[in-house]
Amino acid sequence: MTGRNIALNPHFLPDRPDHRDDRVAMSHHGDVRTPDRLHPDPFHTPDPLGEALHFFRLNGAFYCRSELTEPWALTMPVWEDCLCVHLVVSGVMRLSAPSGETLRLEAGDLAVVPHGRSHVVRGDGEATFAPVVTDLPHDYLSDRYAILRHGGDGPDRSVLICAVVRFDHPSARSLTSMLPPILAIRGTESRSGANTSWLRDLMRIVIDEAGELRPGGEAVITRLSDIIVIHAIRSWLQDAEGTRTGWLGALADPHLGRAVAAVHRDPAASWSVERLARECAMSRSTFAARFTAVVGEPAMQYVTRWRMYVAADRLRDADASVASVAAGLGYSSEAAFSRAFKRVNGSLPGRVRREARAG
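All values derive from a computational prediction rather than experimental measurement.

A. Here's a closer look at the pattern of salt bridges. Per the stated rule, a full pass over the model turns up 14 salt bridges. In this structure, Glu-67 engages Arg-65 in a salt bridge whose closest nitrogen and oxygen atoms are separated by 2.7 Å. Like Glu-67, the residue Arg-65 is buried in the burial classification. In this structure, Arg-290 engages Asp-253 in a salt bridge whose closest nitrogen and oxygen atoms are separated by 2.7 Å.

B. A look at the packing of aromatic side chains. If you walk through the whole model with that rule in mind, you get seven aromatic pairs. Relative to Trp-306, the ring of Tyr-302 lies with its centre 6.2 Å away and its plane at 15°, an arrangement referred to as stacked. Placement of the pair is Tyr-302 and Trp-306 together in helix 9 (residues 299–314), with a separation of four residues, close to one helical turn. With respect to class, Tyr-302 is no different from Trp-306; both count as buried. Taking 6.4 Å as the distance between ring centres and 65° as the angle between the ring planes, the aromatic pair formed by Trp-306 and Tyr-309 counts as edge-to-face. Of this pair, Trp-306 and Tyr-309 both sit in helix 9, three residues apart, which is roughly one turn of the helix. The class for Trp-306 is buried, based on a relative accessible area of 2%. Taking the relative accessible area as the measure of exposure, Tyr-309 reaches 25% and is therefore partly exposed.

C. A look at the packing of helix 9 against helix 11 (residues 334–345). Direction vectors running N to C along helix 9 and helix 11 enclose 95°, while the axes themselves pass 9 Å from each other. Comparing their axes, helix 11 and helix 9 come out roughly perpendicular. Contacts between helix 9 and helix 11 involve Thr-304, Arg-305, Met-308, Tyr-309, Ala-311 and Ala-312 from the first element and Phe-337, Ala-340, Phe-341, Arg-343, Val-344 and Asn-345 from the second. Among the residues making up the contact of helix 9 with helix 11, the classes are represented as eight nonpolar, two polar and two charged.

D. Highlighting the nonpolar core. In terms of nonpolar packing, the biggest core is built from 68 residues, with Leu-110, Leu-276, Phe-287, Phe-291, Tyr-331 and Phe-337 touching the most fellow members. Among the elements that line this core, the one with the most residues is helix 9, at eight residues. Not counting residues within four places of it along the chain, the set of residues in contact with Leu-110 comprises Val-85, His-86, Leu-87, Leu-105, Leu-183, Ala-184, Ile-185, Met-203, Ile-228 and Ala-232. In this structure, Cys-82, Leu-95, Val-121 and Leu-136 belong to the second largest nonpolar core, which totals 26 residues.

E. Representation of the sheet that holds strand 7 (residues 102–106). Spatially, the four strands line up as an open sheet ordered 4-9-6-7, and their pairing is antiparallel. The open sheet has two free edges, formed respectively by strand 4 (73–76) and strand 7, since each of these has just one partner strand. Along the sheet, successive strands turn relative to each other by an average axial angle of 20°, direction set aside. Summarising the sheet, strand 4 and strand 9 (residues 119–122) pair through four bridges and their orientation is antiparallel. Within strand 9, the residue paired with Met-76 across the bridge is His-119.

F. Summary view of unusual backbone geometry. Cis geometry marks the peptide bond from Glu-70 to Pro-71; its omega dihedral reads -10°. Tracing the backbone shows Pro-71 in the loop between strand 3 (60–69) and strand 4. With a phi close to 55°, Ala-281 is a non-glycine residue in the positive phi region. Within the fold, Ala-281 resides in the loop between helix 7 (273–279) and helix 8 (284–295). A relative accessible area of 69% places Ala-281 in the exposed class.

G. How the structure looks around the pairing of strand 9. Here strand 6 (residues 92–96) runs beside strand 9; their pairing, made up of three bridges, is antiparallel. Bridge assignment links Ser-96 to a residue of strand 9, and that residue is Val-120.

H. Layout of the state of the cysteines. Enumeration according to the criterion identifies zero disulfides in this entry. Free cysteine Cys-64: the closest other cysteine sulfur is in Cys-162, separated by 6.1 Å. When its relative accessible area of 0% is taken as the criterion, Cys-64 is described as buried. For the unlinked cysteine Cys-82, the closest cysteine sulfur is that of Cys-84, found at 7.0 Å.

I. Layout of helix 8. For helix 8, with twelve residues, the first-to-last C-alpha span of 16 Å sits near the 16 Å given by 1.5 Å per residue. All of the buried residues in helix 8 are Phe-287, Phe-291, Val-294 and Val-295. Projected down its long axis, helix 8 shows its buried positions confined to an angular sector of 80°, all on one face. Facing away from the buried side of helix 8, by more than 90 degrees, are the exposed residues Ser-285 and Ala-293. Residues of helix 8 that are buried in the fold lie against helix 5 (246–252), helix 6 (256–265), helix 7 and helix 9. Residue Gly-296 follows helix 8 closely and has a positive phi angle near 95°.

J. Inspection of the confidence of the model for the chain at higher detail. The predicted model of the chain has a mean per-residue pLDDT of 77, with 74% of residues at 70 or higher. Residue range residues 1–46 is modelled with pLDDT below 50. Its contacts to residues more than four positions away, or to other chains, number 120 contacts. The low-confidence segment residues 190–195, where pLDDT is below 50, has six contacts with residues more than four positions distant or belonging to other chains.

Analysis parameters
In this convention, every chain numbers its residues from 1, walking through the sequence in written order. This being a predicted model, a pLDDT of at least 70 is required before a residue's local features are given, and a value of 80 or more before pairs of side-chain atoms are given or counted; all residues contribute to the totals for chains, interfaces and linings. The basis for every side-chain value is the complete set of heavy atoms in the structure, and neither hydrogens nor water enter the calculation. Whenever Lys or Arg places a side-chain nitrogen within 4 Å of a carboxyl oxygen from Asp or Glu, that contact is recorded as a salt bridge. Think of it in three bands: residues with accessible area under 20% of the maximum for their type are buried, residues over 50% are exposed, and the middle band is partly exposed, with areas taken using a 1.4 Å probe on protein chains only. Note on aromatic contacts: the rings of Phe and Tyr and the six-membered ring of Trp form a pair at centre separations within 6.5 Å, being stacked when their planes are under 30 degrees apart, edge-to-face when over 60 apart, and tilted otherwise. Think of it this way: any DSSP run of H or I at least four residues long counts as a helix, any run of E at least two long counts as a strand, and we number them from the N terminus. A fitted line through C-alpha atoms serves as each axis, taken over the contacting stretch for helices, and the angle formed by two N-to-C directions is quoted from 0 to 180°. In this scheme, roughly parallel covers angles under 35 degrees and roughly antiparallel covers those over 145, while 65 to 115 is roughly perpendicular and the rest are oblique. Working rule for contacts: check all heavy atoms of both residues, and any pair within 4.5 Å makes them a contact. Classes in brief: Ala, Val, Leu, Ile, Met, Phe, Trp, Tyr, Cys and Pro nonpolar; Asp, Glu, Lys and Arg charged; the others, Gly included, polar. Think of a nonpolar core as a cluster: buried Ala, Val, Leu, Ile, Met, Phe, Trp, Tyr and Cys residues, connected wherever their side-chain atoms sit within 4.5 Å. At least two DSSP bridges between two strands are needed for those strands to be called paired. Any pair of cysteine sulfurs within 2.5 Å is marked as a disulfide. Multiplying 1.5 Å by the helix residue count minus one yields the expected span of that helix. Picture the helix axis, draw a direction to every C-beta atom, and the arc is the one those directions span. What pLDDT expresses is the predictor's confidence in each residue, scored from 0 to 100.

Have a look at this one:
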């Protein structure tokens with residue numbers, strides 16, 4: 001893998017659905033525009049958690065087949081806002097995480113390091129040096145796929161499929177921040193449930209393709225690896241105790257999930273507690289109490305925070321101005337938008353915009 005060839009898309013936001021509410025006449029009440037009348041939202045989803053996973057489009061991904069002979073060791077540098085993936089095709093890999101945890105993985109095992117932190121991967125031999133992977137030469141087959149050959153002159157060899165992925169949508173970044181320091185899927189684990197079995201089957205297909213590069217193999221590996229990453233996260237979401245609260249808990253809630261998904265889908269809409277309660281077919285008071293209990297903050301505070309996360313993403317666009325981002329998120333006053341943005345993100349939007357361009 002190499003930093004200079006990671007095709008990280010700095011701006012990903014899905015197209016907003018053409019909501020009926022966006023087409024009605026608008027009036028102004030305070031800082032946020034509100035429609036004169038409300039219509040039922042025809043874009044309800046029966047699977048809000050699945051909709052959140054829909055934002056996990058791996059536009060910023062770089063894959064590498066690493067052929068490593070013992071003794072070998074590699075240092076993965078810090079990749080901010082990125083997720084690193086290691087799939088063991090053959091041989092073994094020991095992964096030392098920033099938390100101090102060390103895992104030994106064998107052929108068919110998958111490890112995800114979700115927080116972009118530096119970590120070390122090595123074989124079973126005692127390598128004296130772990131070079132930074134971006135400092136090593138790679139053979140590039142395309143902009144998204146390369147082959148790395150590294151290590152000593154020992155007879156044992158390990159083959160890995162490694163990836164660096166960036167998720168730009170705030171829903172995806174917020175979700176990955178909740179993942180553990182290492183997310184491991186054992187290819188040989190005997191677990192019940194079709195989902196885990198399907199994930200292992202996908203991993204075996206990638207391993208077969210990586211074992212012998214054939215025409216079209218790169219496309220198969222990269223596309224199936226995208227699915228594997230999403231499926232590994234979904235498996236964790238289904239089992240993790242920490243997903244019962246916060247916005248993930250709300251998404252999994254059969255009632256609150258509709259409201260959270262609607263806010264994620266259309267943050268610029270004129271949300272109010274009453275309107276969100278109608279999304280969930282709940283009374284205003286019941287919805288307000290339940291939302292705060294599950295998510296940990298009042299509903300309208302969550303709406304504002306989500307808008308500001310989306311705003312920070314949109315400010316990365318070279319064509320975006322503070323005024324256009326404010327208007328696009330339903331604010332009639334740029335000053336009010338700037339105050340809310342600083343309260344949530346800690347900086348004024350103009351500064352974030354300048355820093356994004358400088359970076």
